[in-house]
Amino acid sequence: MSPARAVRPCGGVVARAARRPLPWGPVPCGPVPCGRGERSAPRRTSAGVRPSARPDTAKRSNPLVNNPDTTRRDEIAAALTEVERRIAAACAAAGRARQEVTLVAVTKTYPASDVRLLSGLGVAHVGENRDQEAAPKARECAGLPLTWHFVGQIQTNKARSVVSYADVVHSVDRPRLAEALSRAAAGAGRRVTCLLQVALDDDPGRGGVLPSGVAALAEAVAASEGLVLGGVMAVAPLGGDPVRAFARLAEISADLRTDHPEATAISAGMSGDLDHAIAHGSTLVRVGTALLGRRKPFVR
């Protein structure tokens, strides 16, 4: 997405930051701020929703999902309603406005037809984690008013392809990758928002820069042509305490904003733990299973 074109999927134009616009757009319950203090009037609200007494509600079965007696649109619409209820409840419990959190629908392993259904239901942001699947899907859905997020690990030789469709990359974790993305973005005349993936565990396979390396990586991204430093991203450690992990990420984000006040995004929270993430300041939740059902194994 070029900086001159604003996403307008749900009837509102998102306000742009004066220096470095971030590509956050509206979500089903209303527009999302690009940064602190930038909000347009919501399309509709989710006021009055009681906070859930059970935070991990993604584990509750939805009778419409994968039910042969309902259409795929019915399944997704019912699941989206429940996810929106959870987000609204978590925001209310945390004393936050619903418009502070952007829903990114993670559509990996699901067809472009599901992306079209999501778009028709008002979802404005979709995420993918494998370039070989994401690139053709993005081309097939090129006419839809969507912001594309790449949320998986990236090999440097895939940077050019990812930059061709991704507006936001959530997984920048090393200077070499930032350099590759910068070359690709500059060559394509694009500006790509980059989030720094922070490692909150000891599993190198999940990627991420150590907290001690965030400041240096942030400087590298901020100085790179074609890239915009948007904020941070993390995945809660497997088997670990998500509350502790997201609290740590919030601290890292606060430290980052000391030198980079425009880097306000915190990408944290998925189907099972989005409630905890929102309680600790997440501005982007990445939801797949709770929206689209259990995934089939990916076949290369």
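Description of the confidence of the model for the chain
Per-residue confidence for the chain averages 83 on the pLDDT scale, and 75% of its residues sit at or above 70. Note that residues 1–20 has pLDDT below 50 and, in this model, 47 contacts with residues that lie over four places away or in other chains. pLDDT under 50 marks residues 25–61. Its contacts with residues more than four places away, or in other chains, come to 98 contacts.

Structural notes on the pairing of strand β1 (residues 102–106)
Across the five residues that make up β1, a large majority, five, are buried. Both faces of β1 are covered, namely the face carrying Thr-102, Val-104 and Val-106 and the face carrying Leu-103 and Ala-105. Note that β1 and strand β8 (residues 284–287) share four bridges and pair parallel. Its bridge partner lying in β8, Ala-105 is registered against Val-287. Note that β1 and strand β2 (residues 125–128) share two bridges and pair parallel. Considered in β2, the bridge of Ala-105 is made with Val-126. The parallel pair β1 and β2 is bridged by helix α2 (residues 112–120), and the resulting crossover is right-handed.

About the criteria used
Residues numbered from 1 in each chain as written. Predicted model: local features only at pLDDT ≥ 70, side-chain atom pairs only at ≥ 80, totals over all residues. Heavy atoms only, no water. pLDDT = per-residue confidence, 0-100. Contact = heavy atoms within 4.5 Å. Buried < 20%, exposed > 50% of the residue type's maximum accessible area, 1.4 Å probe, protein only. Helix = DSSP H or I, 4+ residues; strand = E, 2+ residues; numbered from the N terminus. Pairing = 2+ DSSP bridges. Right-handed = clockwise from strand over helix to strand, strands pointing away.

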